[in-house]
Amino acid sequence: QVELVESGGGLVQAGGSVRLSCAASGITFSIYAMGWYRQAPGKQRELVAVITSGGNTNYADSVKGRFTISRDNAKNTVYLQMDSLKPEDTAVYYCNADWTSYFRYWGQGTQVTVSS
């Protein structure tokens, strides 16, 4: 059974930092591309950042220079370090595991609220 469990969300002031974690089980973690998505109220889910099995990263333009995605294959965990947070970063953040775009799994989401 595949499980992705996010943690680390909460309430933070604008300009602050938060680190999200996503612990995976039931998959061969090292071969999966791992991503973070977010969904704000009334908006579609959007890609925030992705890290491939080889460690290459890609970011949405809106978070470049502020967010950093990383992974620890020994711990089956992917992280999202979020700095210089803005109110518009407020959303539910979801962890995603993707292999060949055929095997895709989602976490349950964690709320991040940035107050102005």
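Residues numbered from 1 in each chain as written. Predicted model: local features only at pLDDT ≥ 70, side-chain atom pairs only at ≥ 80, totals over all residues. Heavy atoms only, no water.

Peer 1: Explanation requested: the sheet that holds strand β8 (residues 77-82) in the structure shown.
Peer 2: Adjacent strands of a sheet pair through backbone hydrogen bonds, lying either parallel or antiparallel. Taken in spatial order, the four strands of this open sheet run β1-β3-β8-β7, and their pairing is antiparallel. Bordering the open sheet on either side are β1 (3-7) and β7 (67-72), each of which pairs with just one other strand. Averaged over all neighbouring strand pairs, the angle between strand axes comes to 15°, with direction disregarded. For strand β3 (residues 18-25) and β8, the ladder comprises six bridges, and the chain directions are antiparallel. Looking at β8, one finds that Ser 21 is bridged to Tyr 79. (Pairing = 2+ DSSP bridges. Helix = DSSP H or I, 4+ residues; strand = E, 2+ residues; numbered from the N terminus. Axes fitted to C-alpha atoms, helices over the stretch in contact; angles between N-to-C directions.)

Peer 1: What is the right way to read the pattern of salt bridges from this model?
Peer 2: Where side chains of opposite charge bring their charged atoms close, a pairing between them can arise. Following the criterion strictly, the structure yields five salt bridges and no others. The closest approach of N and O atoms between Lys 64 and Asp 61, which form a salt bridge, is 3.1 Å. Assessed through its relative accessible area of 47%, Lys 64 is described here as partly exposed. Arg 104 is paired through a salt bridge with Asp 98; the nearest N and O atoms lie 2.7 Å apart. Residue class for Arg 104 comes out partly exposed when judged on its relative accessible area of 37%. Within the structure, one salt-bridge network assembled from shared partners comprises Arg 38, Glu 46, Arg 66 and Asp 89. (Salt bridge = Lys/Arg side-chain N within 4 Å of Asp/Glu carboxyl O. Buried < 20%, exposed > 50% of the residue type's maximum accessible area, 1.4 Å probe, protein only.)

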